[in-house]
Amino acid sequence: SPAIEIRDVVKQYASSNKAEPKLALKGLSFDVPQGGVFGLLGPNGAGKSTLINIMAGLVNKTSGSIRIWGHDIDRDHRNAKTCIGIVPQEIVFDPFFTPFEVLENQGGMYGIAKSLRRSEELLRAVRLEDKRDAYARTLSGGMKRRLLIAKAMVHSPPILVLDEPTAGVDVELRRQLWELVGDLNDQGVTVVLTTHYLEEAEQLCDRIAIINHGELITNKPTRELVGMM
Ligand code: ADP
Ligand code: ADP
């Protein structure tokens, strides 16, 4: 079965006095297969973050259904949540926490016993072992992004979702993040990433779905898409 099953998902944002009610997702349906790197590509405003935020439980969908590793996010919310790790676009850490503490805290949030936590291993995986005890506020932007990835992996989810992982990062850091995504995927993690860079999706993803104005434009193996463009 697919890693993620998205069926007829509609999101209508409530209207505010500033804006008209916004139909951000217009009945999206597609599957993310297990085991690959899946790219969700589309211009700004396409609806990528909305979809990620629905999967993360941060935004309620208007209708439709989503199954994560077979678990319906409405009916089986707990299990769905344990099967996915989400790396948000915005970096938010308590500036006085250290990377080690950030990961230990997250382990506590998931109710993982101290002896079973993998904080050191995760710090090594994202190459932050030297920064174990530094205040988060002293980390570079790239280190913070790597820490966010480690944080999303604390509960060992089979699926990792990254929202615009390389937006606004320099070439060297982008290369590092791409490598990290590849490593995780090699270890069996199904990776989903959103991007508005076609080149990034081509390099990293074996399958690409393109959305625009809340609608699915195409969903194909990368090698088939590249020939079309
Ligand atoms: P993307 O991540 O692809 O850039 P978003 O999911 O952020 O797209 O946005 C999709 C559409 O929904 C945009 O038109 C955006 O303005 C609108 N939108 C996003 N968040 C809100 C919100 N909280 N309230 C109203 N409209 C929103
Ligand atoms: P196995 O040895 O059975 O492959 P692992 O310990 O490698 O098990 O992986 C178990 C789970 O832990 C993976 O499915 C993945 O979610 C997560 N995981 C493994 N390696 C890493 C890593 N380097 N960084 C983050 N998460 C990882």
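The rules behind the values
- Residues numbered from 1 in each chain as written.
- Chains lettered and ligands numbered in written order.
- Predicted model: local features only at pLDDT ≥ 70, side-chain atom pairs only at ≥ 80, totals over all residues.
- Heavy atoms only, no water.
- Salt bridge = Lys/Arg side-chain N within 4 Å of Asp/Glu carboxyl O.
- Buried < 20%, exposed > 50% of the residue type's maximum accessible area, 1.4 Å probe, protein only.
- Helix = DSSP H or I, 4+ residues; strand = E, 2+ residues; numbered from the N terminus.
- Contact = heavy atoms within 4.5 Å.
- Phe/Tyr/Trp six-rings, centres within 6.5 Å; stacked < 30°, edge-to-face > 60°.
- Lys NZ or Arg CZ within 6 Å of the ring centre and 35° of its normal.
- Near = heavy atom within 4 Å.
- Polar contact = N/O pair within 3.5 Å; in protein donor to acceptor, adjacent residues only side chain to side chain.
- Areas by Shrake-Rupley, 256 points an atom, 1.4 Å probe, with all protein chains shown as cover.
- Nonpolar A, V, L, I, M, F, W, Y, C, P; charged D, E, K, R; others polar.
- Pairing = 2+ DSSP bridges.

### Structural notes on the pattern of salt bridges
Counting across every chain of the model gives 12 salt bridges. Between Arg-132 and Asp-133 there is a salt bridge; the shortest N-O distance is 2.9 Å. Among the residues examined, Arg-132 registers a relative accessible area of 24% and is labelled partly exposed.

### Re helix α3 (residues 99-109)
Turning to α3, its buried residues number three or more, namely Pro-99, Phe-100, Val-102, Leu-103, Glu-104, Gln-106 and Gly-107. Where α3 is buried, its residues contact α4 (119-125) and α5 (141-152). Looking one or two places after α3, you find Gly-111, whose phi comes out positive at around 70°.

### Structural notes on the packing of aromatic side chains
Summed over all chains, the structure comprises 2 aromatic pairs. Taking 5.6 Å as the distance between ring centres and 5° as the angle between the ring planes, the aromatic pair formed by Phe-30 and Phe-38 counts as stacked. Ring geometry for Phe-96 against Tyr-135: centres 5.5 Å apart, planes inclined by 85°, an arrangement best described as edge-to-face. In this pair, Phe-96 sits in the loop between β6 (84-87) and α3 while Tyr-135 sits in the loop between α4 and α5, placing the two residues 39 residues apart along the sequence. Between the NZ or CZ atom of Arg-132 and the centre of the ring of Phe-100, over which it lies, the distance is 3.8 Å. The side chain of Arg-174 reaches across the aromatic face of Tyr-197, ending 4.8 Å from its centre.

### What to know about the site of ligand 2
Around ligand 2 sit Arg-118, Leu-122, Ala-125, Met-153, Ser-156, Pro-157, Leu-184, Gln-187 and Val-189, and those are all the residues in its vicinity. At 3.5 Å, a side-chain N or O of Arg-118 approaches an oxygen atom of ligand 2. At 2.5 Å, a side-chain N or O of Gln-187 approaches a nitrogen atom of ligand 2. Bound to the protein, ligand 2 loses 56% of the 550 Å² it would expose on its own. Here the residues of the shell around ligand 2 are counted per class, giving 6 nonpolar, 2 polar and 1 charged.

### Quick look at the site of ligand 1
Close contacts around ligand 1 come from Tyr-13, Lys-22, Ala-24, Pro-43, Asn-44, Gly-45, Ala-46, Gly-47, Lys-48, Ser-49 and Thr-50, and that covers them all. At 3.1 Å from an oxygen atom of ligand 1 is found a main-chain nitrogen or oxygen belonging to Ala-46. Here an oxygen atom of ligand 1 and a side-chain polar atom of Thr-50 are 2.5 Å apart. Taken by itself ligand 1 offers 560 Å² of open surface, and the protein chains cover 62% of this.

### Looking at the sheet that holds strand β2 (residues 22-32)
Spatial ordering of the open sheet is given by β2-β1-β4-β5, a layout of 4 strands whose pairing is antiparallel. Sheet topology places β2 and β5 (71-72) at the edges, where each strand pairs with a single neighbour. Sheet topology places strand β1 (residues 4-13) next to strand β4 (residues 63-68); 5 bridges connect them, and they run antiparallel. Opposite Ile-4, over in β4, you have Ile-68 as the bridge partner.

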